[in-house]
Number of protein chains: 2
Amino acid sequence: MQDKTGTALPAEALPAALSAAAEAIEQALDVLLPRAEGAEARLYEAMRYGAMGGGKRMRGFLVLEGARQFTVSRSAALRVAAAIEMVHAYSLVHDDLPAMDDDDLRRGKPTCHRAFDEATAILAGDALLTHAFTVLAGEDTHPDPAVRCELIRCLSLAAGPRGMVGGQMLDMLAEAAEPGAATEASVGRLQLLKTGKLIEFSAEAGAILGKAPISQRHALAAYGRELGAAFQIADDLLDATATAGETGKRTGKDAEAGKATLVGLLGLERARIQAEALVEQAKLHLEGFGERAGLLCALAAYTIERRH
Amino acid sequence: MQDKTGTALPAEALPAALSAAAEAIEQALDVLLPRAEGAEARLYEAMRYGAMGGGKRMRGFLVLEGARQFTVSRSAALRVAAAIEMVHAYSLVHDDLPAMDDDDLRRGKPTCHRAFDEATAILAGDALLTHAFTVLAGEDTHPDPAVRCELIRCLSLAAGPRGMVGGQMLDMLAEAAEPGAATEASVGRLQLLKTGKLIEFSAEAGAILGKAPISQRHALAAYGRELGAAFQIADDLLDATATAGETGKRTGKDAEAGKATLVGLLGLERARIQAEALVEQAKLHLEGFGERAGLLCALAAYTIERRH
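The rules behind these values
- Residues numbered from 1 in each chain as written.
- Chains lettered and ligands numbered in written order.
- Predicted model: local features only at pLDDT ≥ 70, side-chain atom pairs only at ≥ 80, totals over all residues.
- Heavy atoms only, no water.
- UniProt positions renumbered as here; feature names shortened; annotations may be inferred.
- Helix = DSSP H or I, 4+ residues; strand = E, 2+ residues; numbered from the N terminus.
- Buried < 20%, exposed > 50% of the residue type's maximum accessible area, 1.4 Å probe, protein only.
- Contact = heavy atoms within 4.5 Å.
- Areas by Shrake-Rupley, 256 points an atom, 1.4 Å probe, with all protein chains shown as cover.
- Axes fitted to C-alpha atoms, helices over the stretch in contact; angles between N-to-C directions.
- Parallel < 35°, antiparallel > 145°, perpendicular 65-115°, else oblique.
- Left-handed = near helix turned anticlockwise from the far one by under 90°.
- Nonpolar A, V, L, I, M, F, W, Y, C, P; charged D, E, K, R; others polar.
- Least-squares fit on C-alpha atoms with pLDDT ≥ 70 in both.

Taking an unreviewed UniProt entry as the reference, chain A is identified by name as Polyprenyl synthetase family protein belonging to Roseomonas acroporae. Turning to chain A, the UniProt annotation filed under Cofactor (unreviewed entry) states: "Mg(2+)". Under the heading Sequence similarities (unreviewed entry), UniProt records this for chain A: "Belongs to the FPP/GGPP synthase family."

Right under this line is the structure:
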């Protein structure tokens, strides 16, 4: 099916666009991450192991598509996409550690501390986080230092104690809490911090790079916020219903860990309805961008349809 | 003893200057670190526990004294000093973890993972590192975003895979290596990365804040490099000769862990001579700054005289 201009409709074009973005981001990571050399090669190998060779690259895709709404060089957008994927990868490497979620499998491969060792995994996570800021601070990211600084400020807020790390702390505390202590509000806040803030920033980053008017920047951020919330419910639905073969990681582990999720609190059906409502809201925020935002619209819908 | 202008000589003024700087940095950390509130309060408590209430604040002192060579606002210098101390604190929290050096005692207190738990300590370290970049990216650090961006770029390089984290990886690998594998060159490189780069940046940061001519920035960086090397030898000498009561941490652990140090490779006497030579070189780099750099000169000498 084709639209009037003869190009594929966004929903049909999405899988190829996602694959192309993932490949471009993989190449950017390959260039930006240190090569394995010197006595500390093991660290660089572990960084590459944790950051490359897998993942949907949804956050990076959001950066690239957000940037496409404005006049942003492809190479700049790819640097920012790669930096955000480094931060996402660091969070996974640390979350998988024995003292945290104690996972052996990630993206169908042994987790970083299983493939290397615990100390190396801790350091590789630390190094990925730190290196992301080196990449953003570099002149190649944007000629205007005010833009680079704003990207760094927003990324550090999204990933820091009032964002991703704060959310992971809440997650640890929730696992140790009495069964039944969680509410829809507390789980919603946990997920907003743990995964929502970084997805929101990913959607917003292109507008920062493009020096967009504040209204457009806010619209993309709001899109990212709704998308992130829908994505988290979809992830919990997958954990509850899919198999490890489909997702490349251990499933059913939320229930096993007694972890409260919106799916557990609302039930499968109401959680699905809520995710659909979030997707519709996400799309509304894109209205001002017209056809150029077609892939972002399609991504929102895809988020709750995917099986992996 | 007083010099011609009636002020105390630098060497005599140093202890009071170090205390005053440490107190000012402690206050800055108190303001800049998140207050313990909300469900994730445990994370903020652990961040404060790891970063506050101890330490010589040598890195922060270097920032403040470096900044005093130029026209830099006190509040800006304090923000940068606090950010660097957050990064230093994060590295200690992670280095002390069971999977790393497995230490129970730090600055005379239980280490962060002993006072809280391992997951909280990992997250508190992650949060301190990330929050340091939020602080540096903030407008209050400097009105010129190019200055903020340069500080961030240099800090992330000093702390990242080609700096502090790389050095910690080398340290982990050295412990697992065959006895006798270490050379003066390999140990020197390990220490340059693990502690030297951050001390070098601390000395240089004031020049970046002050938009100093590149020659003065390089001079302060070179001072920091020699100082850092001397400091590390002094630290190893203390570990070999002092008691836990004097240092507030477990001593004799290098020998116990079979860890190669310059002290072990050169012997106490030659190591002491090398540290003294480094201190003399450090002072030479300060010649162009005149009397205003007196405390930096005195710090270099103090580094190898201290007993804690």
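After that view of the structure, there is still more to cover.
(A) Structural view of the overall build of chain A. Summing up its helical and strand segments, chain A has 15 helices and two strands in all. In chain A, buried positions account for 57% of the 308 residues. Restricting the contact set of chain A to residue pairs at least 6 apart, pairs at least 24 apart contribute 72%. For chain A, the accessible surface area stands at approximately 12200 Å², while carbon and sulfur atoms represent 53% of it.

(B) Structural detail: the packing of helix 6 (residues 118-137) of chain A against helix 6 (residues 118-137) of chain B. Packing of helix 6 of chain A against helix 6 of chain B leaves a shortest axis separation of 10 Å and a crossing angle of 20 degrees. In terms of orientation, helix 6 of chain A lies roughly parallel with respect to helix 6 of chain B. The way helix 6 of chain A lies across helix 6 of chain B gives a crossing that is right-handed. Facing A:Glu118, A:Asp126, A:Leu129, A:Thr130 and A:Phe133 of helix 6 of chain A, the residues of helix 6 of chain B in contact are B:Glu118, B:Asp126, B:Leu129, B:Thr130 and B:Phe133. Its residues placed into classes, the contact of helix 6 of chain A with helix 6 of chain B shows four nonpolar, two polar and four charged.

(C) Focus on the environment of A:Ser73. Residue and element names in this part refer to chain A. Tracing the sequence through the fold places serine 73 in the loop between helix 3 (58-68) and helix 4 (74-95). Using a relative accessible area of 39% as the deciding quantity, one classes serine 73 as partly exposed. In the structure, serine 73 is positioned 68 residues away from threonine 141 in sequence and 9.3 Å away in space, judged by C-alpha atoms.

(D) Representation of unusual backbone geometry. Even without a glycine there, the phi angle at A:Arg107 is positive, about 50 degrees. Residue classification places A:Arg107 among the partly exposed positions, given a relative accessible area of 25%. Phi at B:Arg57 is positive, roughly 60 degrees, even though this residue is not glycine. B:Arg57 gets classed as buried once you look at its relative accessible area, which sits at 3%.

(E) Here's a closer look at the relation of the copies chain A and chain B. With an RMSD of 0.0 Å, chain A superimposes on chain B once it is rotated by 180 degrees and translated 0.0 Å along the axis. The operation mapping one copy onto its partner corresponds to a two-fold rotation axis. Mapped onto chain B, 100% of the interface residues of chain A are again interface residues, and the two copies thus contact each other with one and the same surface.

(F) Helix 3 (residues 58-68) of chain B, seen in detail. All names here are of chain B. Counting buried positions along helix 3 yields 10 of 11 residues, so the element is predominantly enclosed. Burial in helix 3 covers these residues: Met58, Arg59, Gly60, Phe61, Leu62, Val63, Leu64, Glu65, Gly66 and Ala67. Buried residues in helix 3 make contact with helix 1 (10-32), helix 4 (74-95), helix 9 (184-209), helix 10 (214-241) and helix 15 (294-303).

(G) Here's a closer look at the environment of B:Glu280. Residues and elements named next belong to chain B. Relative to the assigned elements, glutamate 280 resides in helix 14 (residues 268-284). For glutamate 280, a relative accessible area of 47% gives the class partly exposed. Spatially, the C-alpha atoms of glutamate 280 and glutamate 226 are 8.8 Å apart, while their sequence positions differ by 54 residues.

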